[in-house]
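Observations on chain architecture
Here are the chains, one letter per residue:
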Amino acid sequence: MHKDVIVIGAGGHAKVIADIVRKSGDNLIGFLDDSKQAGTEFFDAFILGNTDSYQEYIQKEFIIAIGNNAIREQIAKKMQGVTFYTAIHPTAVIAEGVTIGEGTCVMANAVINADARVGKHCIINTASVIEHDNQISDYVHLSPVAALAGTVTVGERTHVGIGAKVKNNTDICADVMVGAGTVVVNSITEKGTYVGVPARKVK
Ligand SMILES: CC(C)(COP(=O)(O)OP(=O)(O)OC[C@H]1O[C@@H](n2cnc3c(N)ncnc32)[C@H](O)[C@@H]1OP(=O)(O)O)[C@@H](O)C(=O)NCCC(=O)NCCS
């Protein structure tokens, strides 16, 4: 049965998610956004109202298309009692034994391998790789072509930047920013910003 989906947010990331909704054969009802006027046309649909107006559409499914992990978490926690849509691009490869939480999006050509667990409201971006037995916590963002080798854990709200790589059997705690192209070879146990090869803390 086709689902009726409302996307929260109306920026570039929201377009990518709207495209997945359509490619999945579901119905994109429209967008809720706090910075665009209701009635504005956006990505061949319309802005229906601001984010607080979700209650008018409570029978629909929602996905929060906001890249900032902390803001995505705040909105998800505010939207009690709604059904969240999980967006999985038809070209994503999801192995057996994988679990994916509600409100998460898995974009084109991403691979999630055997027995990996992905939490709620995560962004598993274009062509990123989550290898076997990974544990990805809620509100994580894995940027395009980032790659996590086997048995990696990633804490809540951590953002792994574009093209970053994480060695197998490595743990990254919550609230970490891993910079673009960074290679993580040792576990990260303190929140902050890490860059370079191998990763070093800069903030
Ligand atoms: C890591 C990052 C968040 C740092 O941004 P910032 O907090 O504004 O920090 P700055 O730009 O002031 O950089 C701090 C230092 O780290 C260096 N640095 C920043 N990002 C780096 C990276 N990815 N690799 C290596 N060094 C980096 C800077 O050159 C600077 O060094 P300096 O102090 O010697 O001049 C940002 O550069 C980054 O990589 N973001 C990832 C973006 C991304 O992947 N987007 C995908 C969205 S889908």
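This text gives an overview of the structure that appears in the document. Owing to the predicted nature of the structure, the values given are computational and were not obtained by experimental measurement. (Residues numbered from 1 in each chain as written. Predicted model: local features only at pLDDT ≥ 70, side-chain atom pairs only at ≥ 80, totals over all residues. Heavy atoms only, no water.)

**So, the pairing of strand β24 (residues 192-195)**
For a regular strand, side-chain orientation follows a simple rule: the groups alternate between the two sheet faces. Where burial is concerned, the two faces of β24 differ: the one with Gly-192 and Tyr-194 is buried and the one with Thr-193 and Val-195 is not. Pairing of strand β22 (residues 176-178) with β24, which is carried by three bridges, proceeds in the parallel orientation. The partner of Val-178 across the bridge, within β24, is Tyr-194. Between β24 and strand β25 (residues 200-201), which pair antiparallel and follow one another directly, the connecting turn spans four residues, one of which, Gly-196, has a positive phi of 95°. (Buried < 20%, exposed > 50% of the residue type's maximum accessible area, 1.4 Å probe, protein only. Helix = DSSP H or I, 4+ residues; strand = E, 2+ residues; numbered from the N terminus. Pairing = 2+ DSSP bridges.)

**A word on the sheet that holds β24**
With respect to topology, eight strands assemble into an open sheet ordered β7-β10-β13-β16-β19-β22-β24-β25, the strand pairing being mixed. Each end of this open sheet is capped by a strand with a single partner; those strands are β7 (87-88) and β25. Judged from the two bridges that link them, strand β10 (residues 105-106) and strand β13 (residues 123-124) form a sheet pairing that is parallel. Along β13, the bridge assignment pairs Val-106 with Ile-124.

**Quick word on the sheet that holds strand β12 (residues 117-118)**
Here we have five strands laid out as an open sheet, ordered β9-β12-β15-β18-β21, and parallel in their pairing. Sheet topology places β9 (99-100) and β21 (171-172) at the edges, where each strand pairs with a single neighbour. Sheet topology note: the β12/strand β15 (residues 135-136) ladder contains two bridges and is parallel. Residue Val-118 lies in a different strand from β15, and its bridge partner there is Ile-136.

**Some thoughts on the packing of aromatic side chains**
Tallied over the full model, the rule gives two aromatic pairs. Ring centres of Phe-31 and Phe-42 lie 4.9 Å apart, and the angle between their planes is 90°; this geometry places the pair in the edge-to-face category. Placement of the pair is Phe-31 in strand β2 (residues 27-32) and Phe-42 in strand β3 (residues 41-42), with a sequence separation of eleven residues. The class for Phe-42 is buried, based on a relative accessible area of 10%. (Phe/Tyr/Trp six-rings, centres within 6.5 Å; stacked < 30°, edge-to-face > 60°.)

**Digging into helix α2 (residues 69-78)**
An α-helical turn contains 3.6 residues, so a residue and the one three or four places further along point in the same direction. Along α2, the residues classified as buried are Asn-69, Arg-72, Glu-73, Ile-75 and Ala-76. When α2 is viewed along its axis, its buried side chains cluster within an angular range of 165° and face the same direction. Contacts made by the buried residues of α2 are with β1 (4-8), β5 (61-64), β6 (83-84), β13, β16 (141-142) and β19 (159-160). N-cap assignment for α2: the residue whose side-chain oxygen lies 3.0 Å from the backbone N of Ala-70 is Asn-68. (Arc of directions from axis to C-beta. Contact = heavy atoms within 4.5 Å. Polar contact = N/O pair within 3.5 Å; in protein donor to acceptor, adjacent residues only side chain to side chain.)

**Quick look at the environment of Lys-203**
Following the sequence through the fold, Lys-203 ends up in the segment after β25. Residue classification places Lys-203 among the exposed positions, given a relative accessible area of 71%. Linking Lys-203 and Gly-192, residues eleven residues apart in sequence, is a C-alpha distance of 5.5 Å. In this structure Lys-203 touches Gly-192 and Thr-193, once residues within four positions along its chain are discounted.

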